[in-house]
There are 2 protein chains.
Amino acid sequence: MEHTVKAFDHDIGQLRGLIAQMGGLAEQAIARAMETLRRQDLEGAAEIVAGDKAIDALQIQVEALAVRIIALRAPMADDLREVVAALKIAGVVERIGDYAKNIAKRVPSIEWHSEVEPLSVLPAMATLAVNMVRDALDAFAARDAEGATRVAASDRALDDFYNSLFRILVTHMMENPKTIGQMAHVLFIAKNLERVGDHAVNVAEMVHFAATGAHMAERDRGHSPVQ
Amino acid sequence: MEHTVKAFDHDIGQLRGLIAQMGGLAEQAIARAMETLRRQDLEGAAEIVAGDKAIDALQIQVEALAVRIIALRAPMADDLREVVAALKIAGVVERIGDYAKNIAKRVPSIEWHSEVEPLSVLPAMATLAVNMVRDALDAFAARDAEGATRVAASDRALDDFYNSLFRILVTHMMENPKTIGQMAHVLFIAKNLERVGDHAVNVAEMVHFAATGAHMAERDRGHSPVQ
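As recorded in an unreviewed UniProt entry, chain A goes by Phosphate-specific transport system accessory protein PhoU and comes from Sphingomonas aracearum. Per UniProt, the comment on chain A under Function (unreviewed entry) is "Plays a role in the regulation of phosphate uptake." What UniProt records for chain A under Subcellular location (unreviewed entry) is the sentence "Cytoplasm".

The following block contains the structure:
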């Protein structure tokens, strides 16, 4: 029995390690994508696009390991809940990586000018989104249900950011019709960042569920803006 | 042994049935969301938003059943590949449902006028996306690798549609600055439909892999437009 417990703990530790690695890469990819946008660094942006494959490969490893754990150890109750949560969290982190890739792909289509209002707001929004991802992954690593609840709460600030940026963008487009094509890309980047926040909340919800066996209260979970 | 095989076949049949049900709902939700947009049917749109919960609930059932199958039957090789594919396909179908919900949420923000060029193009694009979803699910039901390859091939047409709509939208916004806010919503709907196609391709890839054990050739898989 002792032996079985240790084997499971070892497996789950490995699973969590892979996810921490994925999470670190995804978080970094978002931050770096914004950096390449600011620096007009097309090569760096291309590297981020190519680097997404590493995140995808880790997800495949997580899946294979999770399936092996379920099949070999037949974990029950809390243990099974933890393996399934890990599997799902890996899926969400992979999507966060996709958003980073998507932002990086748009770098060549946007000319950076810090004084253009929609662009000036974007870095702070990105920082907020990246922090949410980091906090969600920290909550996962520490099995911290309260930390998870705080991540969900901060999604409102990100949504407010997005809503105000949406209005700023529409106004900017009206006043500068020539920039509409570019600003459409900025709009998609803003939406991607808003979605990154939603995914951080998804991770947080799963951490909360795996840690407590209960879903987060509806009021803590936030709601996406319609825009 | 006979007994075990039958039990597995029964389980996997049930799993596939749940996914077919999810797929039907998701496909319908996209088609109906477009219909409510055309008819300016706000109530219908709200129903689609609420109805997404049914798709989410089915996904939870699929997950629980897949985990139970893996733990109880410890399937190997092809069988395990099929269960994992089903689990992943359910995740993708859930996302397709989310896109339908997202389209439906935008209905109140868009005034429908069939003669407005970006709007006039949208229904045909939606039909193409819905057909791809249907074909991908048919390929899944029939374990049809060739059918799956055809779905992936038709993604190019959807991407071309999206690219041309992107240009139409930018031009329309330039010429009608007052509609920019509305047209931003139309742009997001177009992007959602393009993403629905990508997800149909994802399903098709998994069907191909589950049926043949080999990944689809890179050239068949299509690539997302940058816009």
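(A) Structural view of the overall build of chain A. What chain A contains, in helices and strands, is six helices and zero strands. Taken from N to C terminus, the helices and strands of chain A fall in the order α-α-α-α-α-α. Taking 227 residues into account, the globule formula puts the C-alpha radius of gyration at 17 Å, and chain A, at 19 Å, falls close to it. Overall, chain A is about 70 × 40 × 20 Å in size when its C-alpha atoms are taken along their principal axes. The buried share of chain A, reckoned over its 227 residues, is 52%. Intrachain contacts of chain A at a sequence separation of at least 6 include 84% that bridge at least 24 residues. When the accessible area of chain A is evaluated, it comes to approximately 9900 Å², of which 54% is carbon and sulfur surface.

(B) Spatial organisation of the interface of chain B and chain A. Chain B puts 29 residues into the contact, and the matching count from chain A is 29 residues. Note on chain B versus chain A: buried area summed over both sides is about 2700 Å², and carbon and sulfur give 72% of it. The residue Glu 63 of chain A makes a salt bridge to Lys 88 of chain B at a minimum N-O spacing of 2.9 Å. Across the chain B-chain A interface, the total number found is two residue pairs in polar contact (both at pLDDT 80 or more). Among the secondary structure elements, those contributing two or more residues to the side of chain B that touches chain A are helix 2 (42-73), helix 3 (77-106), helix 5 (145-175) and helix 6 (180-212) of chain B.

(C) Representation of the packing of aromatic side chains in the model. This structure, assessed with the given rule, holds three aromatic pairs over all chains. When the ring of Phe 188 of chain A is compared with that of Phe 188 of chain B, the centres are 5.5 Å apart and the planes differ by 90 degrees; the resulting orientation is edge-to-face. Remark: Phe 188 of chain B occurs in helix 6 and Phe 188 of chain A occurs in helix 6 (residues 180-212); the pair is interchain, linking two chains. An identical accessibility class is assigned to Phe 188 of chain A and Phe 188 of chain B; each is buried. The ring of Phe 188 of chain B has Lys 191 of chain A sitting right over it, with the charged end atom 5.7 Å from the ring centre.

(D) A look at the pattern of salt bridges. Residue and element names in this part refer to chain B. Scanning the entire structure with this criterion turns up 24 salt bridges over all chains. Where Arg 32 meets Glu 47, a salt bridge forms, and the shortest distance between an N and an O atom there is 3.7 Å. Of this pair, Arg 32 sits in helix 1 (residues 2-39) while Glu 47 is found in helix 2, placing the two residues 15 residues apart along the sequence. A relative accessible area of 48% places Glu 47 in the partly exposed class.

(E) View of the relation of the copies chain B and chain A. Superposition record for chain B on chain A: RMSD 0.0 Å, screw rotation 180 degrees, translation along axis 0.0 Å. What the rotation and shift describe, once combined, is the action of a two-fold rotation axis. Looking at the rotation axis and the C-alpha trace of chain B, the residue lying nearest is Ala 71 of chain B, at 2.5 Å. In this assembly, 100% of the residues forming the interface of chain B have copies in chain A that are likewise at the interface, indicating an isologous arrangement.

(F) Focus on the UniProt feature "domain: PhoU" (unreviewed entry) in chain A. When the UniProt feature table is mapped onto this chain, "domain: PhoU" (unreviewed entry) is found at residues 19-107 and 124-207 of chain A. Along residues 124-207 of chain A the backbone is 92% helical and 0% strand, and the end-to-end C-alpha distance reaches 26 Å.

(G) Fine view of the side chain of Thr 36 of chain A. Residues and elements named next belong to chain A. Of note, Thr 36 is situated in helix 1 (residues 2-39). Within the local environment of Thr 36, its side chain forms a polar contact with the backbone oxygen of Ala 33, the two atoms lying 2.7 Å apart. Setting aside residues no more than four positions away along its own chain, Thr 36 makes contact with Asp 41, Gly 44, Ala 45, Ile 48 and Val 107.

(H) Representation of the environment of Arg 143 of chain A in the model. Residue and element names in this part refer to chain A. Within the secondary structure, Arg 143 sits in the loop between helix 4 (117-141) and helix 5 (145-175). A residue is classified by how much of its surface remains accessible, and Arg 143, at 46% relative accessible area, is partly exposed. Placed 66 residues apart in sequence, Arg 143 and Phe 209 show a C-alpha to C-alpha distance of 9.9 Å. Among all residues touching Arg 143, those that are not within four sequence positions of it are Arg 16, Glu 82 and Ala 211. Among the polar contacts made by the side chain of Arg 143, one reaches the side chain of Glu 82 at a distance of 2.8 Å.

(I) Structural detail: helix 2 (residues 42-73) of chain A. Residues and elements named next belong to chain A. Its 32 residues place the ends of helix 2 47 Å apart at the C-alpha level, agreeing with the 46 Å of an ideal helix rising 1.5 Å per residue. Near the N-terminus of helix 2, the side chain that reaches the backbone nitrogen of Glu 43, with its oxygen 3.3 Å away, is that of Asp 41. Just beyond helix 2, the residue with positive phi is Ala 74, at close to 40 degrees.

(J) Highlighting unusual backbone geometry. Even without a glycine there, the phi angle at Gln 40 of chain B is positive, about 50 degrees. Despite not being glycine, Arg 143 of chain B has its phi angle at roughly 50 degrees, a positive value.

Calculation criteria
Think of each chain on its own: its residues are numbered from 1, step by step along the sequence as written. Chain letters and ligand numbers both follow the written order, the letters beginning at A and the numbers at 1. Thresholds applied to this predicted model are a pLDDT of at least 70 for local features of residues and 80 or more for the giving and counting of side-chain atom pairs; totals over whole chains, interfaces and linings are not thresholded and use all residues. Computation of side-chain values: all heavy atoms of the structure, hydrogens and water removed. UniProt positions are given in the numbering used here, feature names are shortened, and annotations may be inferred rather than shown by experiment. Only runs of H or I of at least four residues qualify as helices and only runs of E of at least two qualify as strands under DSSP, and these elements are numbered from the N terminus. Note on method: radius of gyration uses C-alpha positions; expected globular size equals 2.2 Å times residues raised to 0.38. Burial status follows relative accessibility: with a 1.4 Å probe on protein chains alone, a residue under 20% of its type maximum counts as buried, one over 50% as exposed, and anything between as partly exposed. A contact between two residues is defined here by any heavy atoms of the two lying within 4.5 Å. All accessibility values rest on the Shrake-Rupley procedure with a 1.4 Å probe; residue burial counts only the protein chains present in the view. Note: buried area is the sum, over both parts, of the accessible area (probe 1.4 Å) each one loses when the two are combined. In the sections that follow, a salt bridge refers to a side-chain nitrogen of Lys or Arg positioned within 4 Å of a carboxyl oxygen of Asp or Glu. Within 3.5 Å is the distance limit for a polar contact, defined as a pair of N or O atoms, with the added protein rule that one can donate a hydrogen and the other accept it, and that residues adjacent in sequence qualify only through two side-chain atoms. Between rings of Phe, Tyr and Trp, where Trp is taken as its six-membered ring, a pair exists when centres lie within 6.5 Å; planes separated by under 30 degrees are stacked, by over 60 edge-to-face, and by other angles tilted. Should the NZ of a Lys or the CZ of an Arg lie within 6 Å of a ring centre and within 35 degrees of the ring normal, that charge is described as sitting over the ring. Overlaid copies result from least-squares superposition on C-alpha atoms, with residues included only where pLDDT is at least 70 in both. Multiplying 1.5 Å by the residue count of a helix minus one yields the expected span of that helix.

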